[in-house]
Amino acid sequence: QVQLVESGGGLVQAGGSLRLSCTASGRFAGRVTLGWFRQAPGKEREFVAMVTWTIGNTDYSDSVKGRFTISRDAAKNTMYLQMNSLKPEDTAVYYCAGTEWSSTRSAQHYAYWGQGTQVTVSS
């Protein structure tokens, strides 16, 4: 089994920055992609960013492209999301997710999920 744990959320003013971390334990059966999703109150879960573990290919939603950077440290089994120029509309619970599919934005393909970390951006 695989377990994912997020950290790094908090309260920040608009224009500020936060860095989220996701640490994985256990073993994946195949090739690994880790991603970030977010869900605001009353809204559906949406894709934010992903990184393939072996090659390091990345993908971002249009809403965060140019502001957020996803990265990974294989030695620490940890993925990061550096969030800059934060906007109030970025406020959400951010979830780390893992899949044995590669290069996918689809939440349906992510079988492993963390418990979430709250990011709140004030106006």
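Residues numbered from 1 in each chain as written. Predicted model: local features only at pLDDT ≥ 70, side-chain atom pairs only at ≥ 80, totals over all residues. Heavy atoms only, no water.

## Describing the pattern of salt bridges
When charged atoms on two side chains of opposite charge get close, those side chains can pair.
Reasoning step 1: Under the counting rule described, the total for this entry stands at five salt bridges.
Reasoning step 2: For E46, the salt bridge goes to R38, with nearest N and O atoms at 2.8 Å.
Reasoning step 3: Shared partners join several salt bridges into a network, and the residues in it are R38, E46, R67 and D90. (Salt bridge = Lys/Arg side-chain N within 4 Å of Asp/Glu carboxyl O.)

## Some thoughts on the state of the cysteines
In a disulfide, the sulfur atoms of two cysteines are held together by a covalent bond.
Reasoning step 1: In total, this model carries one disulfide according to the counting rule given.
Reasoning step 2: Paired through a disulfide, C22 and C96 show a sulfur-sulfur distance of 1.8 Å. Judged by the sign of its S-S torsion, about -65°, the bond between C22 and C96 is left-handed. Within this pair, whereas C22 is found in strand β3 (residues 18-26), its partner C96 is found in strand β9 (residues 92-99), the two being separated by 74 residues in sequence. (Disulfide = S-S within 2.5 Å. Helix = DSSP H or I, 4+ residues; strand = E, 2+ residues; numbered from the N terminus.)

## Here's the deal with the nonpolar core
What tends to happen in soluble globular proteins is that the nonpolar side chains get buried as a cluster.
Reasoning step 1: One finds W36, M79, L81, M83 and Y94 to be the most contacted residues of the largest nonpolar core, which totals 28 residues.
Reasoning step 2: Elements that contribute at least two residues to this core include exactly β1 (2-7), β3, β4 (33-39), β5 (46-52), β7 (68-73), β8 (78-83), β9 and β11 (117-122).
Reasoning step 3: The greatest single-element share of this core, amounting to four residues, is contributed by β3.
Reasoning step 4: For M79, the residues in contact, after removing those within four places along its chain, are L20, S21, C22, L34, G35, W36, V51, W53, I70, S71, R72 and C96.
Reasoning step 5: Among the nonpolar cores identified, the runner-up in size contains six residues, and M50, A97, A107 and Y110 belong to it. (Core = buried A, V, L, I, M, F, W, Y, C linked by side-chain atoms within 4.5 Å. Buried < 20%, exposed > 50% of the residue type's maximum accessible area, 1.4 Å probe, protein only. Contact = heavy atoms within 4.5 Å.)

## Let's talk about the sheet that holds β8
Reasoning step 1: Taken in spatial order, the four strands of this open sheet run β1-β3-β8-β7, and their pairing is antiparallel. Strand pairing shows two members of the sheet lacking a second neighbour, β1 and β7, which therefore form its edges. Neighbour-to-neighbour, the strand axes of the sheet open up by a mean angle of 15°, direction not taken into account.
Reasoning step 2: Across six bridges, β7 lies against β8 in antiparallel orientation. By the bridge assignment for β8, F68 is matched with M83. (Pairing = 2+ DSSP bridges. Axes fitted to C-alpha atoms, helices over the stretch in contact; angles between N-to-C directions.)

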